[in-house]
Amino acid sequence: MKILVTAKRVVDPDAKVTVKADGSGIETSGLEFKPNPFCENAIEAGLQLVEKHGGEVVVVSIGTEDAIMTMRTALAMGATRGIFVKRPDEQLDSDLTARILAKVFEIEKPDLFILGKQAVDGDSNQVAQLVAEYLGLPQACFVSKLEVVGTKVLATREVDGGLETLELSMPAVISADLRLNTPRLATLPNILKAKKKEIKQFDIAELGVDPTLKVATVAYEAPQQRKGGIKVKTVQELVEKLKNEAKVI
Amino acid sequence: MEGKMKDVLVVGEIAKKRLKKATLSAITFAKELAAKVGSSYSIALFGKDVKEAAQEATKFGAKAVYAVEADALENYIASVYAKAVADLANQIGAGFVCAVSSTFSRDLLPRVACRLQAGMVSEVMKIVGDAPPLRYKRPMWAGNVIATVEVKTEKAVFTVRGSEFDKAQEVQGVSQIVEVKPSLDLPQNVRFVGFAETVSERPDLTEASVVVSGGRGLRDKEGFWGLLNPLADVLGAAIGATRAVVDAGIAPNDLQIGQTGKVVAPNLYIAVGLSGAIQHLAGMKNSKVIVAINKDPDAPIFSVADYGLVADAFKAVPELVEEIKKVK
């Protein structure tokens, strides 16, 4: 089977991001970049399925040229080859991202397209769903368990109130949640091998995608900071404060 | 945007045939948006039998409540629901579609946006401006950045962050219920297999006025539930957890609070044995009063806590339960 997976380059999710003084964007100097954690789950899921059922994992990324480094991580994990579409984040929204990915899907015709459920920078959680609708395909989002049985996929979704299971016919679109798997680390020999793997590059004109955005981000600001509180010394003092000062119990 | 397609449609969420309270935040958003664009708003409920929920939805002053019923809507299938929502929006002239953010709306509304060729804004916290062109504030980077966005299309779709909009109050009079029976087929390419419900006697996390939450400091199932159950009992609280606790299988996934889990803003949030990672803070830092109990005085959770207690949770929490019993 052929599985298409995503690898978005994002700021280290454990770094505290700050806004530039003029509000035009975020301060990226000194920050480390990593593959989006949910994309790592998507890549790992693709690799595990291919190890079991045969086939290949193709990785796609959209971004500035630095994203190619992120794609190399996916290739070092075991993806066969990559597709890179050049387009900086500032000139993307979820809809354009989805239209680009839908086009790549049409070129590659995979059996499954597994994406991270959201990118930890934009936090929009829209792209997999949009891709599925653009392609008229079934979707299973926020997936924590994935199994291929013949031509079908059994997907367990983490939803409010419990776990839902869907059976999808392939081709299908999956968005990966964190508990789907534990992404593997690339080994040194594989990192070296990944440097030789093919990455095809496109810009969106070559793909024939209309670059018009539906949503534009016009300003960035820091959230309101919470005022620091106090330390209490004992449980009795805590309860007294909660009752008489905060009046919440 | 003259004349037509200015109305706002709220997609209500149903649990066990009842209207979910969280939907009331989306109604408040819809009222505000309708007032600003000079239109009105309606509420729609989708399912096989939505009569009870539709009745409940009539109490909030909507122009109409649409009860959209079909056999194909018995179980939630994204593509079927997306068609039903988009078709209704087109029929009634609603150019704005919104719902409170939940796993239901996050799964569904992007497909609706695609069908309407509308821009979509996730997790709206605030509408900026009093009249069009309006802008919207939403969190990015786990809430460390607030972005202001503009929707360039005529139509727009929103998920609304429940903790940022008060729940709509009931008003006098009732909205008219309009029954809609769309002709919808179940698709061949996807089938609902089953739902394993998390059974809990406690209030819903996103609706509870008190939340007690635990992290890896509580070690294991015994530690987590053994400490938090009595505390939640005495406060009538919901129980929440960090991602690490959920990953370890100590608590079910739908108790996860944070960037990729639930966002809560209760009157009182008690964080026990959790350090306060960025991803967790994103889900609870707008709580009205935050209490942190942690033995590490440098834990980041103390930087957002109104009341911090540096102590061993295994000693402090049982004491806390006894002290609360005394004053309640």
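Residues numbered from 1 in each chain as written. Chains lettered and ligands numbered in written order. Predicted model: local features only at pLDDT ≥ 70, side-chain atom pairs only at ≥ 80, totals over all residues.

In terms of helices and strands, chain B carries 8 helices and 18 strands. Considering only contacts within chain B whose residues lie at least 6 apart along the sequence, 66% involve residues at least 24 apart. (Helix = DSSP H or I, 4+ residues; strand = E, 2+ residues; numbered from the N terminus. Contact = placed C-beta atoms within 7 Å.)

By secondary structure assignment, the location of Gly173 of chain B is in the loop between strand 11 (156-160) and strand 12 (176-180). Sequence spacing of Gly173 of chain B and Pro187 of chain B is 14 residues, and the spatial spacing of their C-alpha atoms is 40 Å.

A word on the domain arrangement of chain B. How big an interface is tends to be expressed through the accessible area that disappears when the partners come together. Residues and elements named next belong to chain B. For chain B, the assigned domains are domain 1 (7-180) and domain 2 (210-327). On the domain 2 side, the residues contacting the 5 residues of domain 1 number 8 residues. Of the residues contributing to the side of domain 1 that touches domain 2, the split by class is 1 nonpolar, 3 polar and 1 charged. (Domains from an automatic or database assignment. Nonpolar A, V, L, I, M, F, W, Y, C, P; charged D, E, K, R; others polar.)

Contact with chain B, which involves 72 residues of that partner, is made by 65 residues of chain A. In terms of residue class, the side of chain B that touches chain A is made up of 37 nonpolar, 18 polar and 17 charged. Looking at chain direction, strand 12 (residues 215-221) of chain A and strand 10 (residues 145-151) of chain B are connected through 6 bridges and run antiparallel. Along strand 10 of chain B, the bridge assignment pairs Thr217 of chain A with Val149 of chain B. (Pairing = 2+ DSSP bridges.)

Residues and elements named next belong to chain A. Most of helix 2 (residues 67-77) sits inside the fold, with 9 of its 11 residues counted as buried. Those residues of helix 2 not exposed but buried are Ala67, Thr70, Met71, Arg72, Thr73, Ala74, Leu75, Ala76 and Met77. Of the residues flanking the end of helix 2, it is Gly78, one or two places downstream, whose phi is positive at about 140°. (Buried ≥ 20, exposed ≤ 12 C-beta atoms within 10 Å, placed from the backbone.)

Glancing now at the sheet that holds strand 8 (residues 152-159) of chain A. Read across the open sheet, the 10 strands follow the order 11(A)-5(A)-4(A)-1(A)-6(A)-10(A)-7(A)-8(A)-9(A)-13(B); overall the sheet is mixed. Among the strands making up the open sheet, the edge pair consists of strand 11 (199-203) of chain A together with strand 13 (190-197) of chain B. The average undirected angle you get between the axes of adjacent strands in this sheet is 25°. Here strand 9 (residues 162-169) of chain A pairs with strand 13 of chain B via 7 bridges, running antiparallel. Paired with Leu166 of chain A across the bridge in strand 13 of chain B is Phe192 of chain B. Contacts from helix 3 (residues 94-108) of chain A reach strand 1 (2-6), strand 4 (56-63), strand 5 (81-86) and strand 6 (112-116) of chain A, with the element oriented near 150° to strand 4 of chain A. (Axes fitted to C-alpha atoms, helices over the stretch in contact; angles between N-to-C directions.)

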